[in-house]
Amino acid sequence: MSQNLSRQQIYDRIKESSKDSYILEEMKRLGFWQETSTPSLPEQLIKREAVLQQELQELLAKDRKYGNQEAMLREMRKQRMQEAKAKREITKQKSEKKQQEKADYWKNLQQQQIIYLGENVSKGLHKSDSDTAKLLQFSLPVFENVLDFSQKSGFSLSVIKYLAFHRNVSKKSHYHVFEIPKKSGGKRKISAPKPQLRYLQHWILENILNKIPVGEMVHGFAIEKSIVTNAEPHLKKDIVINIDLQDFFPSISYKRVKGLFSKLGYSEQLSTIFALVCTQAHTEEVLLDNVKYFVHKGERFLPQGSPASPAISNIITYKLDKRLQGLSKKYGFTYTRYADDLTFSAAQDNEHNINTLLYFVKQVINHEDFTIHPDKLHIMKRKHQQKVTGIVVNEKLNVERKKLRKFRALLHNIEVNGWQNQTWGKAFHLINAIEGYINFVNMVNPPKALAFKEKLNTIIAKHGKPVVEIRKTAPEIAETIKVSEDQEEIITPAEEKTDWWNIF
């Protein structure tokens, strides 16, 4: 044993056994207690007391340990709760950071892309790869994606999304919808786009659609073509056949318009957007709690009134025109088309081919997803008056005499009695209808038109011009709308550069 124990070491020794045991050991160490072979009674008692003291210390330690078990458990639970709370806070911060990153990503994406445009039309908006080679081949503008289109066209992404978004129910409509009377009876529904949409449709028309050539047999909505050029090929023919396509524009669906832009080489993303901008759905106005809602019914289609619709219809009917032209040549006929008016003519020698031609024409029209109007198929022979888009073609291009006489009578009545209670057909604005008919006559017979213009000037000098009531629901209609056979459509597509037969 070391003689130099510290006070703490001495206390620890006593604590491990007992005070008497420690003193006994020290006395032995110092020689004050002589060991014998048989321990004396006091020595045994001291050793026994030391053992018991040690056991007692162990028992007390265990008692303290188990006595504090509940406190320990509480401490452990508290520690675990603190650790769990800290972990939840870390998880929350990670989640919030992830959500913020996601929100920032979508915000940034929405500033650069359009990812949703409504139910059942948004599936391909992530596909932005266009066929650049095909677009360049036909001199069409190339866009990497909708952001590139936005920057080059000048229309913001928000405006494009607003104009293209497909809603089943909306509080706003992009069209003024109204009806005008048809010359042949009934009414024609016009969907005139509001300014913002009209500007975008016109941009698509000028920069894309007008660059697509049309066939030589097409005379409606084509450069340097008119109802006059449409009638000329059928002059002095023994047989003239007129066929009208029923619901021409409405029969061209959104899917066909989207397919058109896709075939031109544009990505599914841009094809979807262009098709949505250029089509509409049948709309019903519903008033609920004094709030007007526009409810869409059925599929989207090509509206009559959009400046882009005529050009789209001409491109979509390209294959129809080629097939009908092929049939006509096979059976000795000449074929032209002006919008929804199809005209076939031939000499007397080919009269026996009429039924065969008509049979196959009907098959082709049905196959191309169009329908012949059941009441507008006319076969006109030379001995009767033959008209093509309102122009008489029996001997020379002329205006129908009966209608000319009625028009002269109208001008005479106005000159004598003034504008009050005078009408011309089903026209809403009399002065506009009169000027329109004079322009029509001028295309066919300029001398007669000049006489009518002088007469109109005399009337205006005498009675003035009638007040034209402006319809709030019928704003100015684009010049491409086919209102009647007597009116001229003007459009300026690019000159023909290639044959589109292999595309469609």
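These numbers were taken from a predicted model, which means no experiment stands behind them.

## Details of helix α10 (residues 254–264)
Restricting attention to buried positions, one finds in α10 the residues Y254, V257, K258, L260, F261 and L264. Buried residues along α10 cover an arc of 150° about the axis, so they all sit on one side.

## Focus on a nonpolar patch on the surface
A cluster of nonpolar side chains, contributed by Y105, W106, I115 and Y116, occupies part of the molecular surface with about 410 Å² of accessible area. Within the fold, I115 resides in the loop between α4 (69–112) and α5 (132–137). I115 sits in the partly exposed class, given a relative accessible area of 34%.

## Topic: the side chain of T317
Its place among the elements puts T317 in the loop between α12 (309–316) and α13 (318–330). Every residue in contact with T317, bar those within four places of it in the chain, is listed here: F248, R337 and F370.

## Structural notes on the pairing of strand β5 (residues 280–288)
Examined bridge by bridge, β5 and strand β6 (residues 291–301) share 9 bridges and lie antiparallel to one another. From the neighbouring strand, L287 faces β6, where its bridge partner is K292. Between the antiparallel neighbours β5 and β6 lie 2 residues, among them D289 with a positive phi of about 55°.

## Focus on the confidence of the model for the chain
Taken as a whole, the chain shows an average pLDDT of 84; of its residues, 86% reach a score of 70 or greater. Scored below 50 in pLDDT, residues 470–504 shows 100 contacts in the model against residues more than four places distant or in partner chains.

## Quick look at the sheet that holds strand β10 (residues 387–388)
As a general point, the strands of a sheet are linked pairwise by backbone hydrogen bonds and lie either parallel or antiparallel. Taking strand neighbours across the sheet as the criterion, the 3 strands line up as β10-β11-β12 in an open arrangement whose pairing is antiparallel. Edge positions in the sheet fall to β10 and β12 (398–399), since each has one partner strand and no second.

## Overview of the packing of aromatic side chains
On inspection of all chains with the given rule, the structure shows 19 aromatic pairs. Look at Y359 and F360: their rings are 5.1 Å apart centre to centre, the planes differ by 80°, and that puts the pair in the edge-to-face class. In this structure Y359 comes out as partly exposed when scored by relative accessible area, which is 47%. Classification of F360 as partly exposed rests on a relative accessible area of 34%. In textbook terms, an aromatic cluster arises when at least three aromatic residues are bridged by ring pairs, as seen for F143, F149, W203, F261, Y266 and F274. Above the face of the F370 ring, R256 is positioned so that its terminal group lies 4.7 Å from the ring centre.

## Let's talk about the pattern of salt bridges
Taken as a whole and assessed by the stated rule, the structure comprises 13 salt bridges. K152 serves as the salt-bridge partner of D148, at 3.2 Å between the closest nitrogen and oxygen. Pair noted here: D148 and K152 are both in helix α6 (residues 146–153), with a separation of 4 residues, about one helical turn. According to the relative accessible area criterion, D148 is buried, its value standing at 12%. Residue D244 pairs with K376 through a salt bridge whose shortest N-O separation is 4.0 Å. Note that D244 is positioned in strand β4 (residues 239–245) and K376 in strand β9 (residues 372–381), a separation of 132 residues in sequence. When salt bridges that share partners are traced, they join K127, K258 and E268 into one network.

## Some points on the sheet that holds strand β8 (residues 341–346)
On the basis of which strands lie adjacent, the open sheet formed by 4 strands has the order β7-β8-β4-β9 and antiparallel pairing. Since the sheet does not close on itself, it has two edges, and those belong to β7 (334–338) and β9, each with one partner. This sheet shows a mean twist of 15° between the axes of neighbouring strands, independent of strand direction. As paired strands, β7 and β8 are joined by 5 bridges and run antiparallel to one another. Looking across to β8, one finds that Y338 is bridged to D341. On the sheet, helix α14 (residues 354–367) packs against β4, β8 and β9 and is oriented at approximately 20° with respect to β4.

## Let's talk about the packing of helix α15 (residues 401–417) against helix α16 (residues 430–444)
Axis separation between α15 and α16 bottoms out at 12 Å; the angle between their running directions is 140°. With respect to α16, the axis of α15 lies oblique. Considering the relative orientation of α15 and α16, their crossing is left-handed. Across the interface between the two elements, K403, L404, F407, L410, L411 and I414 of α15 pack against L430, I434, Y437, I438 and V441 of α16.

Conventions used here
Residues numbered from 1 in each chain as written. Predicted model: local features only at pLDDT ≥ 70, side-chain atom pairs only at ≥ 80, totals over all residues. Heavy atoms only, no water. Buried < 20%, exposed > 50% of the residue type's maximum accessible area, 1.4 Å probe, protein only. Helix = DSSP H or I, 4+ residues; strand = E, 2+ residues; numbered from the N terminus. Arc of directions from axis to C-beta. Patch = residues over 30% accessible without salt bridge, like charges linked within 9 Å, V, L, I, M, F, W, Y side chains within 5 Å. Areas by Shrake-Rupley, 256 points an atom, 1.4 Å probe, with all protein chains shown as cover. Salt bridge = Lys/Arg side-chain N within 4 Å of Asp/Glu carboxyl O. Contact = heavy atoms within 4.5 Å. Pairing = 2+ DSSP bridges. pLDDT = per-residue confidence, 0-100. Phe/Tyr/Trp six-rings, centres within 6.5 Å; stacked < 30°, edge-to-face > 60°. Lys NZ or Arg CZ within 6 Å of the ring centre and 35° of its normal. Axes fitted to C-alpha atoms, helices over the stretch in contact; angles between N-to-C directions. Parallel < 35°, antiparallel > 145°, perpendicular 65-115°, else oblique. Left-handed = near helix turned anticlockwise from the far one by under 90°.

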